[in-house]
Structures are given as C-alpha cells and as structure tokens.
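Coordinate inspection notes
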There are 2 protein chains.
Amino acid sequence: MSDEMIRVTYRIECPGSVEAMAEKIASDQSTGTFTALPGETDAVRKRCAARVERIMPLEPAAYPGFPTDVPGPYNRADAVIAFPIEAIGTDIAALMTVAIGGVFAASGLTGVRVMDIDLPPSWACHPGPQFGIAGSRRLMGVAEGPMIASIIKPSLGLTPEETAEVVAELCAAGVDFIKDDEKMMNPGYAPLEARVDAIMPVIEAHAQKTGKRVMYAFGISSADPDRMMRNHDYVAAHGGNAAVVNINSIGHGGMSFLRKRSQLCLHAHRNGWDILTRHPALGLEFRAYQKIWRLLGVDQFQINGIAAKYWEPDDSFVKSFHDVMTPIFSEADRPLPVVCSGQWGGQAVETFERTGRTLDLMYLGGGGIHGHPMGATAGVRAIRQAWDAAAAGLSLDEMARDHPELRASLDKWG
Amino acid sequence: MSDEMIRVTYRIECPGSVEAMAEKIASDQSTGTFTALPGETDAVRKRCAARVERIMPLEPAAYPGFPTDVPGPYNRADAVIAFPIEAIGTDIAALMTVAIGGVFAASGLTGVRVMDIDLPPSWACHPGPQFGIAGSRRLMGVAEGPMIASIIKPSLGLTPEETAEVVAELCAAGVDFIKDDEKMMNPGYAPLEARVDAIMPVIEAHAQKTGKRVMYAFGISSADPDRMMRNHDYVAAHGGNAAVVNINSIGHGGMSFLRKRSQLCLHAHRNGWDILTRHPALGLEFRAYQKIWRLLGVDQFQINGIAAKYWEPDDSFVKSFHDVMTPIFSEADRPLPVVCSGQWGGQAVETFERTGRTLDLMYLGGGGIHGHPMGATAGVRAIRQAWDAAAAGLSLDEMARDHPELRASLDKWG
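Residues numbered from 1 in each chain as written. Chains lettered and ligands numbered in written order. Predicted model: local features only at pLDDT ≥ 70, side-chain atom pairs only at ≥ 80, totals over all residues. Heavy atoms only, no water.

This part takes up helix α6 (residues 160-173) of chain A. Residues and elements named next belong to chain A. The end-to-end C-alpha distance of α6, which contains 14 residues, comes to 20 Å, matching closely the 20 Å that a straight helix rising 1.5 Å per residue would cover. Considered for burial, the residues of α6 that qualify are Pro160, Thr163, Ala164, Val166, Val167, Leu170, Cys171 and Ala173. Next to the buried residues of α6 lie β5 (147-151), β6 (177-179), α7 (192-210), β7 (215-219), α14 (367-370) and α15 (376-392). Backbone geometry just after α6 places Gly174 at a positive phi near 100°. (Helix = DSSP H or I, 4+ residues; strand = E, 2+ residues; numbered from the N terminus. Expected span 1.5 Å × (residues − 1). Buried < 20%, exposed > 50% of the residue type's maximum accessible area, 1.4 Å probe, protein only. Contact = heavy atoms within 4.5 Å.)

Dropping the structure here:
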C-alpha cells in the first residue's frame, strides 16, 4: 500500500467558517454521511480519509459566488486537502468523482473553485501527448520559430470543394497548419470523408510542388468513440496527420479511447470550458483542468491569446500559457500552446514578452489572415513579420517601416 | 437535405441589448468571425446559419451572473435559437460544441443558461435506456410500488469482506437494490473484482434462500472505456446486473461506448453536475442536461430528493423528477428516477404528492437505513411504511401509530 497523496487546492467561500467547511469537504468526499454510523471506525477513517493539510486565508468577498439569502461578507481561503492514493488510485474518473465533482454539491458553500491538483508519481502512468511540441514541429517541418496557423473561414457552410479552395489559398499563403473550425464535424453538406477527399489532394499537391507538408487538422470529434475512430482512421488512411478534438464534448472516456489508438496529432479545442471557469469563485482553474487533458494525451492546446475576442482577460491567457508549458512529470508531457482568437500579429510582441520569450507556440489567425486587406498571403507574411519583430526586440511599428504587409495589418486592426 | 431544426432555449443576461446578444450568439455559433470576410455569402448563411426565433423578456437582474465592472441592472430574456440539422447532424458532440459549449465564451454576457433543448425526430436514432423503468422493475422483481434501495456505508474504507457483510445485512433487511457509493470505484484496498467476488455470492445466496434477487450496482466507472468494459464484463460474468456510472467523470464518449456494449442496468450518478447548474444564471438547466444522458442510455437517474443534504432546493428536485418522467420521443426513453440524499422515509408523502402521485421511482436511503435506531431491517420497514402511507393518503403520523419502525424514524429524524 502506497502512502502517496493526491493534493487538491480548493478556493472555498462561505458565510461561516472556512476551516469547518474544508473539514466537511474532506469528510464528505471520503467516509462521511449525514448521521453517525456504527461501521465508521477509526480504522476505516485512517485507511482512506481525506485530510485538510493547509488553510491559506484570503480577503472576504462582498458578493457571493452562488447567490444566497445569507448576508455577507463571505469568508474565503485556499485549502489544501490530501487524498490517499489508496482511496482514488490512478483513474481519472475516480479523481474527478472523489476530489472534484462531489465538492460542488456541498450545502453552505457560496463558492468553491479547484485551483490546482498535485499528482503523485504513480500518475505518470497516463500516456500524455504522443507528439507534443517536438512532434508537432517535426510533422510540420518547422525546426524553429512559431508555427503559423489558420482556420477555414467561414467556419460553417462551405462545401468540401469550396473548403479545398480555401485550403489551397492558405497553403499558397505559407501557413504551417490549417484546421477545421471546432464546430465543423460531420454536417450533411460537408461530411468528414468528403472533406478529407477534397482537401488531402490539395495538401499533397502543395507538398509535391514545394516540399512543404502543411498540417491539416480535421474535426473528427464524435460522442461515439467507435465513430470517432472511424473518422480518425479515414483521415490517417488518406495521409492526414492531425485532428481537432473537442475535448469537453467527447469527455474523458472519448479522449482516452482515442489517444490509445491514435496516429494523429491531437489539437484540443476546449469549447464549454468557459462555464467551468468563467466565474472566478466557481468551477475549475485552468491550471487544474489542463493537467487532466494533458495526461489524457492532448498534443496541441488552444488557449486564446492577448486581446481575444472572447471574455477571457489577458492575464488569464498568460497564466494558461505558463500552465501548459510547465511539466507535470517531464517536459514530454507539455502540449504545444496554441495562441488564438482574434489574432492578427498585433499581439505578437506582447505575447512573446509575457510568455517567457519562447517561440514554442502555434499562432493561429482566422480573420486576421483571411481578412487582410492585401490578401491571405500578405496576412501570413504580416504575422511572420510581427513575430520576427518580437524575436528581434523591435516594435511592430519599427518592423512595419519596410514591411508593407504588417503596415497594412496595423492600419486595419492596430 | 432535411429541414429539421434543433431549438435551444438560452436564458441570456447582459448589460446591453438581449436581442443583440441573441443575434450575436446565433451568428458566432454558425458562420461568424470578428471581421467581414469575402467568402461569407448569403448562400453560405442560408445553408447553416442559426436563427433567433423568439425572445421572451424577463425581469432584469440586480446582480450579474459572471462578475463585471459594468453597472447593472442586467437585462434578461429567454431566447430560442434554431439550428439547422444540416449544420449539426445527430452527433451529441456536435450539439454540445455548436449549440452549448461555445456559447459560454461570448464576451459581453453576464449570464447564460441553457434552459432546454428541443430535438427533432432524427435524434430518436440514439439508443436511450436499455432497461429504464420497466426493465428495472423486471430485474428487481418489483412489479409495483417504489423500489427501496440502499447504499454501502461507510462510503469508502471497507474491505471487500466487510462490504459483503453490509450487503448481507441489507439483503436481510429487505431492500430491492444496493449500490456502491459513487466514490467507490477501484481503490487499492477494495478492488472491483474482489468486491464482485465477495458480494455476488451473498446476493446469490439470498436469492436462493428467499427467491428475491437484490440488484447490486457496482461502481464500474473508468475514464478508460476499455478498462470500464473489462469492469462491466467482470460484473456481468459473475451474475451482476447493474452498475453505477459517474456520467460526468466518464463523459459522453465513455457513456456511448458502454451503452452499446452493456448488459447491465446503468445507474447514473451525476456528481459534478452541480457546477454546471448551481448558479441559476449560468450553465445548464437539468431539463436540458438530462436529455443528453437519457439519449446516451441512462437507465436509472439519481436526482436528489426533498430535504436533500446537498444545496439543491426542493423545487428544483421536483422539476427534475418531472423532467426525467417526460418522454423525449417515447415513454421508453424515460429512466427510473432515483430519489436520494438524506432520505429516510419522512419525505415520502411530500415526494408522492409533488411528483404526480407516481410509485415509479427508486427511493434510496443511506444513513436513513443504516442509522435507524432499531437497525437496518427496521429502517427499510419504516421507509416502506412511509410509502404505504403516501399511497394510502395517510399522514406519516397516522401510519406511525401502529408501525413502531416508522415511529422510531420520526422520533429520530422527524
């Protein structure tokens, strides 16, 4: 019997005593019930009871996370609770159930947020990314610098043939990577197989002509893992090397099943994550959430960007970037961070400066490439110029002086 | 090309115009991006654009769902958005991604809650429950009346042999159904296979002796569907006929995979659901959520109860009960409602009166059976007496006059 512990940090908020609430959570999530029971001996408790290890007080909140009639202020603290590995094992479903899922049901809370999960060495049994940063670079043939990516636009509504035209344009424009919009899966007007049939010859022809094999990530997600594997196999059999996976929509089981059998580089879209994280007093911090999906095998992780078109503040994106770049057990479990949403190059310098001056990232422009006033090729060039500026320590305006594509982007979006 | 529509009702809250926000959601979730694009033609829009069909205004909210610096009040309305089936198809991952997941990311919202999903006839392709209400009755041999159930207590910490002793006691006490706590999966001190080996002979011996085969639901959940199927197969091969499935922890993919191959009656625990639903301005209403899991194949659905020990108000439980009892496409897609959490019989009359006077339910007592002052047999008897009172139109006090077990329950918990 191992004495390893899984440590979970909860941000607890309640009108009463946070310490008592932390003790209640530790009890509820192990041996507790609502009345004293004859069988609940000290021996039982010792074997698998969770233990509050540390309480770090925070300023009280004026407004509650969950609405309540109980007047504030609402006490807050971060509490570290340790769960014996003996009680949870190494199964992600067990971790989610014991240490995460049940906690949100506790009465008396006005807020609870899982801030981090500290996993012991036995959890290194999970597969993690198959390709990650190094594999992504190898497959795209990009030895250094950021990987410049785009997405099919409009997101939905194009036939396979229309999509292939957009792919041809983006390949000619010089991108390293193209993806289906996450909402593009297997619709009647553009089924996956027809998209593969139309798109892969374009990728292949571009590779033959230029030596550059652009990575195309097809949306293979299905709530039915058998269907998803057929999608995967079709992509792989036709020369594809990547897939967009909507991780929350397929769930832990779908991701685990896919990763074990996958030949493709798995590009994760986390749509639906926002409901788990957007209210700062509730849900899961990205730091905790992303560990689970990395262990399950995400190779590339979409994490928004500076000045994203969604709700997420820049500081949150910067933290997310550092989170995915921090090893859980080793550097190999780091996915490639995918910086995206409203990106057009104008955010390159700030992104570089705030994310540890790394070029190990994918930078994804949608409208920022398709909508460039001089066309998509200029859009890609402008983004590369912006990253060259970042790496050289120049401002965008300095770089734009003799780079008309970047100049045009700055004029349109700057 | 079918002209079926999927209609989703969103409760939208924002400081600005709710109508404009509904239009933005419809656009973002189909063809939109942040800048005007040459390819986005009217033809594309027509093929798959979502459409706001109806706006039902609500009173503004004084406090925002998601915290914001923008002063209130916050406008609110229910908006029905119709998505062409052509854009989504019948895949649950596509529905989650297009119509649900992405919506929570929209900037400018202070709240959004998916209230309901109206699915067109083509969605009847999903398997739904294999056993449901009728199958559960058949397997338990309970032709009429509520199915009385219990759970192993303490939840965690018992060895397989200790667990088998509790099972023997509960069988002797006269329950129809016993389950592992949802947190009991495959821990080191009580692995699933050892629990099956210890428990099934007790179930079998009781059946031999009394003719009554108690349904035991083993916790087979795993984030790895292969592992979960091995768990399933082990239970089935050893005479088990039910399993506890932690639906959020295994995800849509895990559930779909299991259902297609399952011989067991699948008892769903929704731990983690609370974070999706507890804040009334955010997340998913149970009405919407439960439809997805029913289509995926849940046979028995835990939905708390009156005076539950968790946060959920009674009104919410009552709505949930009606939700699961309302056919999606036919009566066969209704799971057995499992009334649970802090139940000891005292809630039977109110439950009966408020849920449509039905006895098609499972009533699950944990501490309410194990902790009965006269022992577990008396605990089960007290619960049956309480339900007899409900069905006969008597009050609990009237029934308790000549039923000492119920009397003792009322004295302890009433």
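Once the structure has been displayed, the description carries forward.
Rotating chain B by 180° and translating it 0.0 Å along the rotation axis places it on chain A, where the RMSD comes to 0.0 Å. Here the transformation between the copies is reduced to the relation of a two-fold axis. Identified as the residue of chain B closest to the rotation axis by C-alpha distance is Gly251(B), at 1.9 Å. The overlap is high: 100% of the interface residues of chain B also sit at the interface in chain A, so the same surface is used on both sides. (Least-squares fit on C-alpha atoms with pLDDT ≥ 70 in both.)

Here we come to the sheet that holds strand β3 (residues 74-84) of chain A. All names here are of chain A. The five strands are arranged β2-β3-β1-β4-β10 in an open sheet whose pairing can be described as mixed. Across the chains shown, the open sheet's two edge strands, defined by having one partner strand only, are β2 (51-61) and β10 (282-284). Sheet twist, expressed as the mean angle between neighbouring strand axes with direction ignored, is 20°. Bridge analysis of β2 against β3 gives eight bridges, and the strand direction is antiparallel. Pairing of Arg51 across the sheet is with Ala82, part of β3. Against the sheet, helix α1 (residues 18-28) contacts β1 (5-14), β2 and β3, and its axis sits at roughly 30° relative to β3. (Pairing = 2+ DSSP bridges. Axes fitted to C-alpha atoms, helices over the stretch in contact; angles between N-to-C directions.)

What follows covers the domain arrangement of chain A. Residues and elements named next belong to chain A. Partitioning chain A into structural domains gives domain 1 (5-123) and domain 2 (131-413). Between domain 1 and domain 2, the residue contacts involve 20 residues of the former and 17 residues of the latter. Summing both sides of the interface, domain 1 and domain 2 together bury roughly 1600 Å²; the carbon and sulfur share of this comes to 65%. In this structure, the connection of domain 1 to domain 2 is made through two salt bridges. Arg113 is paired through a salt bridge with Glu285; the nearest N and O atoms lie 2.8 Å apart. (Domains from an automatic or database assignment. Buried area = accessible area lost by both parts, 1.4 Å probe. Salt bridge = Lys/Arg side-chain N within 4 Å of Asp/Glu carboxyl O.)

To continue, consider the side chain of Lys179(A). All names here are of chain A. Locating Lys179 in the fold gives a position in strand β6. Despite being buried, Lys179 has no salt bridge partner; Glu182 is the closest side chain of opposite charge, sitting 4.1 Å away. If we skip the residues at most four places from it in the chain, Lys179 touches Ser150, Ile151, Ile152, Tyr216, Ala217, Val244, His267, His269, Gln302 and Leu364. (Lys, Arg positive; Asp, Glu negative; His and termini not counted.)

Enumeration according to the criterion identifies 24 aromatic pairs over all chains in this entry. Between Trp273(A) and Phe286(A), the aromatic rings sit 5.6 Å apart at their centres with planes inclined by 80°, giving edge-to-face as the arrangement. Of the two residues, Trp273(A) sits in helix α10 (residues 273-277) while Phe286(A) sits in helix α11 (residues 286-296), which places them 13 residues apart along the sequence. As far as burial versus exposure is concerned, Trp273(A) and Phe286(A) are alike and both buried. A centroid spacing of 6.0 Å and a plane angle of 40° characterise the contact between Phe286(A) and Tyr289(A), whose relative ring orientation is tilted. Remark: Tyr289(A) and Phe286(A) occur in helix α11; sequence separation between them is three residues, near one turn of the helix. Clustering of aromatic rings is evident, with ring pairs tying together Trp273(A), Phe286(A), Tyr289(A), Trp293(A), Phe301(A) and Trp311(A). Taking the ring centre of Phe257(B) as reference, the NZ or CZ of Arg261(B) above it sits at 3.6 Å. Stacked on the ring of Trp273(B), the Lys or Arg Arg270(B) has its end atom at 3.6 Å from the ring centre. (Phe/Tyr/Trp six-rings, centres within 6.5 Å; stacked < 30°, edge-to-face > 60°. Lys NZ or Arg CZ within 6 Å of the ring centre and 35° of its normal.)

Cross-referencing UniProt, the feature "domain: Ribulose bisphosphate carboxylase large subunit C-terminal" (unreviewed entry) maps to residues 132-413 of chain A in the present numbering. Segment residues 132-413 of chain A splits into 50% helix and 13% strand. End C-alpha atoms: 32 Å apart. (UniProt positions renumbered as here; feature names shortened; annotations may be inferred.)

Attention now goes to the sheet that holds strand β12 (residues 336-339) of chain B. Residues and elements named next belong to chain B. An order of β5-β6-β7-β8-β9-β11-β12-β13 is seen for the eight strands of this closed barrel, with the pairing classed as parallel. When the angles between neighbouring strand axes are averaged without regard to direction, this sheet yields 25°. In this fold helix α9 (residues 247-261) packs onto β8 (242-246), β9 (265-269) and β11 (300-302), with an angle of close to 135° to the strand it touches most, β8.

We now examine the interface of chain B and chain A. At the interface, 89 residues of chain B touch 89 residues of chain A. Across the chain B to chain A interface the summed buried area is about 6900 Å²; carbon plus sulfur atoms make up 63%. Counting the contacts that link chain B with chain A gives six salt bridges. Among the ionic pairs, Asp226(B) bridges to Arg261(A), the shortest N-O distance being 2.8 Å. Here chain B and chain A share 38 residue pairs in polar contact (both at pLDDT 80 or more) between them. Counting residues per element, the side of chain B that touches chain A draws most heavily on α9(B), which supplies 11 residues. In terms of residue class, the side of chain B that touches chain A is built from 35 nonpolar, 36 polar and 18 charged. (Polar contact = N/O pair within 3.5 Å; in protein donor to acceptor, adjacent residues only side chain to side chain. Nonpolar A, V, L, I, M, F, W, Y, C, P; charged D, E, K, R; others polar.)

Below, the discussion takes up the pattern of salt bridges. A full pass over the atoms with the stated rule returns 54 salt bridges over all chains. Its salt-bridge partner being Arg354(B), residue Glu350(B) comes within 3.0 Å of it at the nearest N-O pair. Residue Glu350(B) and its partner Arg354(B) are located together in helix α13 (residues 348-354), separated by four residues, close to a single helical turn. For Asp411(B), the salt bridge goes to Arg407(B), with nearest N and O atoms at 3.2 Å. In this pair, Asp411(B) and Arg407(B) are both assigned in helix α17 (residues 404-413), four residues apart and thus about one turn of the helix distant. The exposure class assigned to Asp411(B) is exposed, which follows from its relative accessible area of 56%. Look at the salt bridges and you will find they share partners, linking Asp224(A), Asp226(A), Lys260(B) and Arg261(B) into a network.

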